[in-house]
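Per-entry structural report
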Amino acid sequence: MDRELILKNASKITVVIAIVIAVAATIFLLAKYFQQADTLHYHGKVDYELLKQIQKFPSSKLKRIVIDSVGGEYPPALEIAEIIQNQKIQIVVDGYCLSACASIILPAGQDNIVNEGSLIGFHNLPGTWVYLEEYIEKKYKKSIKSMPIYGDSLKTIQVYEKSGINPELFIALTLGKGPICLDISEIDARDDEMQNVSIEFSQDIYIPNRSFFEQFDWRFKELYLPESQNEAEKLAEPLRKT
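Here we summarise the structure given alongside this text. (Residues numbered from 1 in each chain as written. Predicted model: local features only at pLDDT ≥ 70, side-chain atom pairs only at ≥ 80, totals over all residues. Heavy atoms only, no water.)

1. Quick look at the state of the cysteines
- Applying the stated rule across the entire model yields one disulfide.
- Put simply, Cys97 and Cys101 are joined by a disulfide, and their sulfur atoms are 2.2 Å apart. Where Cys97 bonds to Cys101 through sulfur, the torsion about that S-S bond is close to -100°, and the disulfide is left-handed.
- Given the relative accessible area of 0%, Cys97 is considered buried. (Disulfide = S-S within 2.5 Å. Buried < 20%, exposed > 50% of the residue type's maximum accessible area, 1.4 Å probe, protein only.)

Here it is as structure tokens:
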């Protein structure tokens, strides 16, 4: 085989390898979830699909969940939180962790990490309704104990208490005391899940600062937080374009 033919075949092989690598990279980037040793990488809603992927790991083999989620459903989130706490799983936020991801999944984790450029935010936390019962009954003339959310509220509080986090964090966040507030009405325009009780609370995402977390005994191994409203708005901008 002459030198020209060898170079020609080598060139073809190089092109094939490049295509294979490109396809693999695309699949990797588009994957909603994949397992890597003792780690589950997950991009998507907090739902029963996430619970299913966690349950695929043999008992106590899952050590870390790398998550990018704008939130999801509270019932599966509470089941996931129980597994995370029982198995002492670390949560690594790489992208977004909002709503149910931030308020239930994240506090359940151990030695959590929020990577640089990520955005965590809280809104409409069910646990608050236990503490704000008097306020709600006075304003809406309706007993919180008659709502399905009441049971989830108690379970959510237990997640925080088990992790050593002061559950009164709920009150501060729901009443809008986070230093940074994002209007997510363009992002999360879903129907009111609280039976027409909390529309006004569901349109804002609150982002605490470091001292705010420490005040309620919630500590991280590594924690990135936006330092200004503008920085937070820039991080949230990709969500508004989807």
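2. Brief notes about the nonpolar core
- Core analysis: the largest hydrophobic core is formed by 55 residues, its most contacted members being Ile120 and Trp218.
- When residues no more than four places from it in sequence are discounted, the contact partners of Trp218 are Ala102, Leu106, Pro107, Phe122, Tyr160, Ile165, Leu169 and Phe213. (Core = buried A, V, L, I, M, F, W, Y, C linked by side-chain atoms within 4.5 Å. Contact = heavy atoms within 4.5 Å.)

3. Quick word on unusual backbone geometry
- Unusually for a residue other than glycine, Lys88 sits at a positive phi of about 55°.
- Non-glycine residue Ser99 carries a positive phi angle of around 55°.
- Relative to the helices and strands, Ser99 resides in the loop between strand 4 (90-98) and helix 4 (100-108). (Helix = DSSP H or I, 4+ residues; strand = E, 2+ residues; numbered from the N terminus.)

4. Comments concerning the environment of Ala100
- Relative to the helices and strands, Ala100 resides in helix 4.
- The sequence separation of Ala100 and Ala77 amounts to 23 residues, and the corresponding C-alpha distance is 6.7 Å.
- Excluding anything up to four places from it in sequence, Ala100 contacts Gly71, Gly72, Glu73, Tyr74, Ala77 and Ile105.

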